[in-house]
Amino acid sequence: MIPLPSAPSASPADADAVLTVRRLSKVYASGHKALDDVSLEIRRGEIFALLGPNGAGKTTLISIVCGLVNPTSGEVRVGGHDIAADYRAARSLIGLVPQELTTDAFETVWNAVSFTRGLFGKRRNPAYIEKLLRDLALWNKKDARIMTLSGGMKRRLLIAKALSHEPKVLFLDEPSAGVDVELRRDMWRMVRQLRRDGVTIILTTHYLEEAEEMADRVGVIDKGRLVVIEEKAKLMRRLGQKQLSIVVAAPLRALPAGLAPLGVTLSEDGRTLSLTYASGADAPQAGPTIAALLARLAQEGVAVSDVSTRESSLEDIFVNLVGGAA
Amino acid sequence: MNLVGVGAIYRFEMMRTFRTLAQSVVSPVLSTALYFVVFGSAIGGHMPKIDGVTYGAFIVPGLMMLTLLTQSIANASFAIYFPRFTGTIYEVLSAPISPLEIIAGYVGAAATKTVVLGLIILATAALFVPLEVRHPVWMLAFLVLMAITFSLFGFIIGIWADNFEKLQVIPLLVVAPLTFLGGTFYSIDMLPDAWRIVTLFNPVVYLVSGFRWSFFGTSDVGIAVSVGMTLAFLAAGLVIVAWMFRTGYRLKN
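As the structure is a computational prediction, the values presented were derived from the model and not from experiment.

(A) Seen up close, the overall build of chain A. Each helix and strand in chain A was counted, giving 10 helices and 14 strands. Burial statistics for chain A: of 326 residues in total, 49% are counted as buried. A fraction of 71% describes how many contacts in chain A between residues 6 or more apart in sequence connect residues 24 or more apart. Counting only carbon and sulfur atoms, one obtains 50% of the accessible surface of chain A, whose full area is about 15,000 Å².

(B) Representation of the overall build of chain B within the structure. From N to C terminus, chain B includes 10 helices and 0 strands. Reading the helices (α) and strands (β) of chain B from amino to carboxyl end gives α-α-α-α-α-α-α-α-α-α. Rg of the C-alpha trace for chain B: 19 Å, near the compact-globule value of 18 Å for 253 residues, within the 12% margin. Viewed in the frame of its principal axes, chain B has a C-alpha envelope of about 60 × 35 × 35 Å. The proportion of buried residues among the 253 residues of chain B is 53%. Per element, the accessible surface of chain B, about 10,700 Å² overall, is 73% carbon and sulfur. Once the 13 positive and 10 negative side-chain charges of chain B are each reduced to a mean point, those two points are 7 Å apart.

(C) Inspection of the sheet that holds strand β12 (residues 265–266) of chain A at higher detail. All names here are of chain A. Taken together, the 4 strands give an open sheet; going across it, the order is β12-β13-β11-β14, and neighbouring strands pair in antiparallel fashion. Here the strands that pair on one side only, and so sit at the sheet edges, are β12 and β14 (304–311). Relative to β14, strand β11 (residues 241–248) runs antiparallel, the two sharing 7 bridges. Pairing of Lys242 across the sheet is with Glu311, part of β14. Strands β11, β13 (272–278) and β14 of the sheet are contacted by helix α9 (residues 287–300), whose axis makes an angle of about 10° with β11.

(D) A look at the packing of helix α3 (residues 55–86) of chain B against helix α6 (residues 136–160) of chain B. Residue and element names in this part refer to chain B. In contact at an axis separation of 7 Å, α3 and α6 are set at 40° when each is read in the N-to-C sense. Remark: the crossing between α3 and α6 carries right-handed chirality. Contacts from Met64, Met65, Leu68, Leu69, Ser72, Ile73, Ala76, Ser77, Ile80, Tyr81 and Arg84 in α3 reach Leu143, Met146, Ala147, Phe150, Ser151, Phe153, Gly154, Phe155, Ile157, Gly158, Ile159 and Trp160 in α6. In terms of residue class, the contact of α3 with α6 is built from 17 nonpolar, 5 polar and 1 charged.

(E) Seen up close, the nonpolar core. In this structure, A:Leu19, A:Val78, A:Leu170, A:Phe171, A:Ile201, A:Val220 and B:Phe155 are the most contacted members of the largest nonpolar core, which totals 105 residues. For this core, the element with the highest residue contribution is helix α5 (residues 151–163) of chain A, accounting for 7 residues. If sequence neighbours within four positions are ignored, A:Leu19 has contacts with A:Leu40, A:Glu41, A:Ile42, A:Val65, A:Val76, A:Arg77, A:Val78, A:Phe171 and A:Ile202. By size, the runner-up hydrophobic cluster in this structure holds 43 residues, among which are B:Val115, B:Ile121, B:Val205 and B:Phe211.

(F) Local environment of the sheet that holds strand β2 (residues 33–43) of chain A. Residue and element names in this part refer to chain A. Read from one edge to the other, the open sheet built from 4 strands follows the order β2-β1-β4-β5, with strand pairing classed as antiparallel. With partners counted over all chains shown, the strands left at the sheet margins are β2 and β5 (81–82), one partner each. Bridging between strand β4 (residues 73–78) and β5 involves 2 bridges; their strand directions are antiparallel. Counterpart to Arg77 in the pairing with β5 is Asp82. With respect to the sheet, helix α1 (residues 58–66) is in contact with β1 (17–27), β2 and β4, its orientation differing from that of β1 by roughly 115°.

(G) The arrangement of helix α1 (residues 3–19) of chain B in detail. Along its 17 residues, α1(B) runs 24 Å from first to last C-alpha, staying within 8% of the 24 Å computed at 1.5 Å per residue. Looking only at α1(B), the buried set comprises B:Val4, B:Gly5, B:Val6, B:Gly7, B:Ala8, B:Ile9, B:Phe12, B:Glu13, B:Met14, B:Arg16 and B:Thr17. Buried-residue contacts for α1(B) involve α3 (109–119) of chain A together with α2 (21–43), α3, α4 (89–93) and α5 (99–128) of chain B.

(H) View of a nonpolar patch on the surface. Residues and elements named next belong to chain B. A contiguous nonpolar patch, built from Val37, Val38, Ile43, Met47, Leu127 and Phe128 and spanning about 520 Å² of accessible area, is present on the exposed surface. Of all the secondary structure elements, the ones that give two or more residues to the nonpolar patch are α2 and α5. If you tally residues by element for the nonpolar patch, the top one is α2, at 3 residues. If you trace the backbone, Ile43 turns up in helix α2. The exposure class assigned to Ile43 is partly exposed, which follows from its relative accessible area of 40%.

(I) Up close: the interface of chain A and chain B. Residue-level contacts link 30 residues of chain A with 30 residues of chain B. Together, the buried faces of chain A and chain B total about 2,600 Å²; carbon and sulfur atoms form 57% of this surface. Between B:Glu101 and A:Arg88 there is a salt bridge whose closest N-O contact spans 2.8 Å. Between the two partners, chain A and chain B, sit 9 residue pairs in polar contact (both at pLDDT 80 or more). At 5 residues, the largest contribution of residues to the side of chain A that touches chain B is made by α3(A). When grouped by side-chain class, the residues that make up the side of chain A that touches chain B number 12 nonpolar, 9 polar and 9 charged.

Quick notes on the rules
Residues numbered from 1 in each chain as written. Chains lettered and ligands numbered in written order. Predicted model: local features only at pLDDT ≥ 70, side-chain atom pairs only at ≥ 80, totals over all residues. Heavy atoms only, no water. Helix = DSSP H or I, 4+ residues; strand = E, 2+ residues; numbered from the N terminus. Buried < 20%, exposed > 50% of the residue type's maximum accessible area, 1.4 Å probe, protein only. Contact = heavy atoms within 4.5 Å. Areas by Shrake-Rupley, 256 points an atom, 1.4 Å probe, with all protein chains shown as cover. Rg over C-alpha atoms; globule rule 2.2 N^0.38 Å. Lys, Arg positive; Asp, Glu negative; His and termini not counted. Charge placed at Lys NZ, Arg CZ, Asp CG, Glu CD. Pairing = 2+ DSSP bridges. Axes fitted to C-alpha atoms, helices over the stretch in contact; angles between N-to-C directions. Left-handed = near helix turned anticlockwise from the far one by under 90°. Nonpolar A, V, L, I, M, F, W, Y, C, P; charged D, E, K, R; others polar. Core = buried A, V, L, I, M, F, W, Y, C linked by side-chain atoms within 4.5 Å. Expected span 1.5 Å × (residues − 1). Patch = residues over 30% accessible without salt bridge, like charges linked within 9 Å, V, L, I, M, F, W, Y side chains within 5 Å. Salt bridge = Lys/Arg side-chain N within 4 Å of Asp/Glu carboxyl O. Buried area = accessible area lost by both parts, 1.4 Å probe. Polar contact = N/O pair within 3.5 Å; in protein donor to acceptor, adjacent residues only side chain to side chain.

Structure follows, in structure tokens:
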């Protein structure tokens with residue numbers, strides 16, 4: 001278990017911040033505290049992944065920013081506009097793709113997307129809607145009723161609706177839920193293109209590969225508190241680990257003497273010796289330890305049949321951060 | 001002001017009506033026509049005139065009011081309850097549109113449908129009974145005002161209801177009985193004194209009476225009282241819905 005880093009504090013206002021959350025808390029009528037004094041800033045044009053186990057508060061946070069849930073206390077600004085006092089300006093910047101496939105089953109694709117654009121106060125723009133539907137491979141379904149679409153198509157429709165008013169900030173709440181591999185890859189491509197177009201992307205996901213693949217920065221929320229917020233690469237360097245595995249030719253009955261103090265462990269079947277060490281640039285050098293391990297094996301006459309190393313993924317780091325609650 | 005947003009909700013709701021034309025228009029017109037056949041032509045032929053008006057013509061304003069009240073509530077309550085039920089309400093709540101604009105879109109569409117329906121029923125009635133409208137401007141004013149007021153009431157029910165049964169409870173168990181007992185088919189002057197006094201506690205009496213006055217120039221209660229009651233209903237609805245949006249009642253929690 002990696003020791004938990006200290007909870008991030010509210011950083012000074014960043015002029016480039018497109019979303020600022022300060023000391024945000026939410027207690028539901030049931031008494032459940034969904035968010036506890038959360039502060040964070042999202043920079044313009046970045047892809048930010050908000051990670052956390054079920055019930056951690058991710059959707060509540062998004063819902064407050066988008067105006068779907070009233071906060072108990074705290075302040076939220078989008079593009080510098082307060083979400084309560086200046087809600088029109090704040091909301092017009094936001095597009096939301098919800099977690100659930102919530103659609104009006106009897107409506108056509110074209111009407112549904114046009115409706116959302118209108119709700120956000122934008123005049124009709126058939127050329128833009130056509131481009132959007134073509135980009136999302138929905139053009140040939142524009143006159144189809146939503147109830148006839150597949151799950152993947154409905155997910156793309158929700159994305160089209162969220163983009164219909166040309167937002168500057170796009171929230172993707174679990175975008176990969178129920179989506180096949182091909183569509184997931186297409187979505188990742190689309191998200192990167194949106195970022196190139198200047199849209200800030202904030203996504204929540206259970207699918208850690210998604211965050212690892214796309215995010216510039218990562219925030220981890222657990223039990224309503226933001227436990228870490230950091231550049232993804234930096235986080236992986238700081239909290240990442242490497243595991244050296246040595247497979248021996250003949251099973252060992254016990255760990256050879258002198259290896260236990262190095263942190264080496266032996267698998268139950270006696271075939272694999274493992275050494276786990278910090279992999280970050282700031283971590284102590286593991287070279288001498290590995291050299292000592294190999295020298296000791298040679299002294300004992302242990303024949304080695306294979307050697308491999310494995311670097312921890314963002315998922316491993318996440319599981320360590322939230323104590324395996326995910 | 002987000003007028004484009006108001007228009008989007010309004011158009012969306014009107015398109016829903018056209019998709020369900022049989023349920024939205026044909027069905028209420030048919031049932032009202034049946035009332036005219038049974039009460040107006042068949043039974044009404046054996047009834048004496050009331051305030052100099054044939055019974056068939058006398059019930060026209062009451063029947064219009066019955067349809068107006070029930071359809072306004074049904075249209076507006078379903079319009080807001082259904083997106084809550086399916087979850088698509090998130091779009092409206094996250095859009096840069098004020099509560100008043102949301103109400104204008106939903107209630108405006110529901111009231112439009114009801115006014116059109118009322119006028120169709122009026123035209124249908126004219127086929128069965130000889131009809132005159134003595135104060136057409138007042139008749140239209142009452143029609144529009146009551147369509148808006150009860151659509152607003154329906155909107156409130158649509159937010160309050162958390163299942164389909166509750167959506168029906170108020171219209172079926174409260175509004176329909178009050179309308180039937182509010183002088184739809186009779187003048188309250190025909191009741192014994194004690195029941196007449198009890199009936200005066202029924203708010204629908206004032207609405208039917210005012211509407212009937214616009215047709216025939218006679219009423220059970222003063223026209224000023226009828227207008228005042230209608231405006232009081234509207235004001236009460238606005239206060240309740242303002243509270244709902246301010247607190248996020250069943251919308252934002």
